[in-house]
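# Results of the structural survey
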Amino acid sequence: MKNPLKDIGPGTLVAAAFIGPGTVTVCTVAGVQYGFTLLWAMALSVIATIVLQEMAARLGIVTQKGLAETITSEISNKWLRGAAVLLVVSAILIGNAAYEAGNISGGALGLASVLPTSILELGSLNIPFIPLLIGIVAFCILYFGNYKTIERALVSLVIVMSLSFLIAAVLTQPSISEFLKGLLIPSIPDESLLLIVGLIGTTVVPYNLFLHASLVKERWKTVGDLKAARKDVYVSIVLGGLVSMGIIVCGAAIQQSEITNAADLAKGLEPLFGAYAKYFLSIGLFAAGITSAITAPLAAAYVASGCFGWEDAIKSAKFKAVWITILLIGVVFSSVGFKSIEVIQFAQFANGLLLPIVAIFLLWIVNKKSILGEYKNTKPQNILGFIIVITTIGLGLRGLLKVFGVI
């Protein structure tokens, strides 16, 4: 029999990247505060993700180059090129370093819900064992594994994560009619705008566009592979969207209004549905943390590699130095008790603001016949792309005006 999962790979890594502790936190807050009302925003985010990630995958396969590399090579003016490199590198590297602390802390929260917290005493230092363990696991997968090893590890973790969150959502026995109403009828309740921008920012992640374009050329080498790559995008992103919706459903089942971190989701469900929900959610949160702890440093390294033209990216010492730095920052910040929840939520909002800039770069590149030839964007693809850009710009501006009290 033909293996239905044969073509599933890079898209799953993208799903692994956007379903991290930040997604769990934002989706939980959306469910707790607004029930099923904001499911429509998640559905639109999934559609936008599919549209943009397909463009990034197509670019990577046809050109056999990453997005950062293509952008820098197409800007002839050295000042504009320098500004673009500075914008991309600073946004992705600094953003991913901030994310990494949240990724590792989130994975640690998942394990801490089911395991006793252990402390390593090194002289006068007391170091939590779980964040260190997650950092070591992520390091080993990235350092000793080639692309195929990393892909297989992440696909396995995504399957575990997906089953955990979806089973927990089913255990809450949601109302199908309320679910469909929230999914199909857009509504913007009072004070929900920033959360909607956050839901978009946690799903349509700018660094994933760079990551995807780089990953597909590790897996596929010819334009004949476009069909397989598109199947990979559709299946993986839809599955990721279903998981995010499952988390919103779980959040809607919680009766308490105080949610300070993603682990509160497990604690909130335990009185209602017993320890089983707690264990499913804890395992899911751990898997979400460790998958994102692997993909965030990997994406940062690919972006730096593309911007600075490093050869033989994944094996080069410079490439490894970037992801090791990002991973180390995450482990240190997580171990010293850095409060990552506020940073995660801010990063999701910042992602929502950065997205239009990266999407404009992407649309510009995929419309150049000199780069993609007959595989450049079609008119329907451009219409969808421009709708996404305009929508995200509008939401981002409204979100900023809301932050500064103008509206």
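Coordinates for the structure precede this section.
Residues numbered from 1 in each chain as written. Predicted model: local features only at pLDDT ≥ 70, side-chain atom pairs only at ≥ 80, totals over all residues. Heavy atoms only, no water.

### Concerning the overall build of the protein chain
- When you go through the protein chain residue by residue, the secondary structure sums to 17 helices and two strands.
- Within the protein chain, buried positions represent 56% of all 407 residues.
- Contacts in the protein chain between residues far apart in sequence, at least 24 positions, make up 85% of those at least 6 positions apart.
- For the protein chain, the exposed area adds up to about 17600 Å²; of that, 67% sits on carbon and sulfur atoms. (Helix = DSSP H or I, 4+ residues; strand = E, 2+ residues; numbered from the N terminus. Buried < 20%, exposed > 50% of the residue type's maximum accessible area, 1.4 Å probe, protein only. Contact = heavy atoms within 4.5 Å. Areas by Shrake-Rupley, 256 points an atom, 1.4 Å probe, with all protein chains shown as cover.)

### Quick notes on helix α1 (residues 10-18)
- Of all nine residues that make up α1, nine are buried, and the element is covered over most of its length.
- The set of residues buried in α1 consists of P10, G11, T12, L13, V14, A15, A16, A17 and F18.

### Thoughts on the packing of helix α3 (residues 39-63) against helix α9 (residues 193-203)
- Viewed as axis vectors pointing N to C, α3 and α9 meet at an angle of 35 degrees, and their least axial separation amounts to 9 Å. Handedness of the α3/α9 crossing: right-handed. On α9, the residues that touch W40, A41, M42, S45, V46 and T49 of α3 are I196, L199, I200 and T203.
- Looking at the contact of α3 with α9 residue by residue, the class counts come to seven nonpolar, three polar and no charged. (Axes fitted to C-alpha atoms, helices over the stretch in contact; angles between N-to-C directions. Left-handed = near helix turned anticlockwise from the far one by under 90°. Nonpolar A, V, L, I, M, F, W, Y, C, P; charged D, E, K, R; others polar.)

### Thoughts on the packing of aromatic side chains
- Per the stated rule, a full pass over the model turns up six aromatic pairs.
- Taken together, a centroid distance of 6.5 Å and an interplanar angle of 65 degrees make the contact between Y143 and W323 edge-to-face. Here Y143, found in helix α6 (residues 129-144), pairs with W323, found in helix α14 (residues 317-335); they are 180 residues apart in sequence, far enough to count as distant.
- The buried category is assigned to W323, whose relative accessible area is 1%.
- Residues Y302 and F319 carry aromatic rings whose centres are separated by 5.0 Å and whose planes lie at 75 degrees to one another, so their mutual orientation is edge-to-face. With a gap of 17 residues between them, Y302 in helix α13 (residues 275-308) and F319 in helix α14 connect regions that are remote in the sequence.
- Joined through ring pairs, the aromatic side chains of F139, Y143, F144 and W323 make up one cluster. (Phe/Tyr/Trp six-rings, centres within 6.5 Å; stacked < 30°, edge-to-face > 60°.)

### Some details on the pattern of salt bridges
- This structure, assessed with the given rule, holds three salt bridges.
- With its nearest N and O atoms 2.9 Å apart, the salt bridge here joins R230 to E54. Of the two residues, R230 is situated in helix α11 (residues 226-252) and E54 in helix α3; the sequence distance between them amounts to 176 residues.
- Residue R230 is classed as partly exposed on the basis of its relative accessible area, which comes to 28%.
- For E74, the salt bridge is made with K368, and the minimal N-O distance between the two is 3.7 Å. Of this pair, E74 sits in helix α4 (residues 67-74) while K368 sits in the loop between α15 (340-366) and α16 (369-372); the two residues are 294 residues apart in sequence, bridging distant segments of the chain. (Salt bridge = Lys/Arg side-chain N within 4 Å of Asp/Glu carboxyl O.)

### Brief notes about unusual backbone geometry
- Of note, Q64 is a non-glycine position whose phi angle comes to about 55 degrees, a positive value.
- With respect to the helices and strands, Q64 occurs in the loop between α3 and α4.

### Remarks on the environment of F386
- When you line up the elements, F386 lands in helix α17 (residues 379-403).
- Taking the relative accessible area as the measure of exposure, F386 reaches 44% and is therefore partly exposed.
- Residues F386 and I360, spaced 26 residues apart in sequence, show a C-alpha to C-alpha distance of 8.4 Å.

### A few points about the side chain of Q53
- Among the secondary structure elements, Q53 is positioned in helix α3.
- Residue Q53 is classed as buried on the basis of its relative accessible area, which comes to 2%.
- Engagement of the side chain of Q53 in a polar contact is seen with the backbone oxygen of N208, the distance being 3.4 Å.
- In this view, Q53 contacts V14, V205, N208, L209, H212 and V233; residues no more than four positions away in its chain are not counted. (Polar contact = N/O pair within 3.5 Å; in protein donor to acceptor, adjacent residues only side chain to side chain.)

### Focus: the nonpolar core
- Counting residues in each nonpolar core, the largest one holds 121 residues, and the members touching the most others are L52 and F210.
- A total of 16 residues in this core trace back to one element, the largest contributor, which is α13.
- If we ignore the near neighbours within four places in the chain, the residues touching F210 are L67, A68, I71, V88, I92, V303 and V358. (Core = buried A, V, L, I, M, F, W, Y, C linked by side-chain atoms within 4.5 Å.)

Don't take any of this as a statement about function, it's just geometry.
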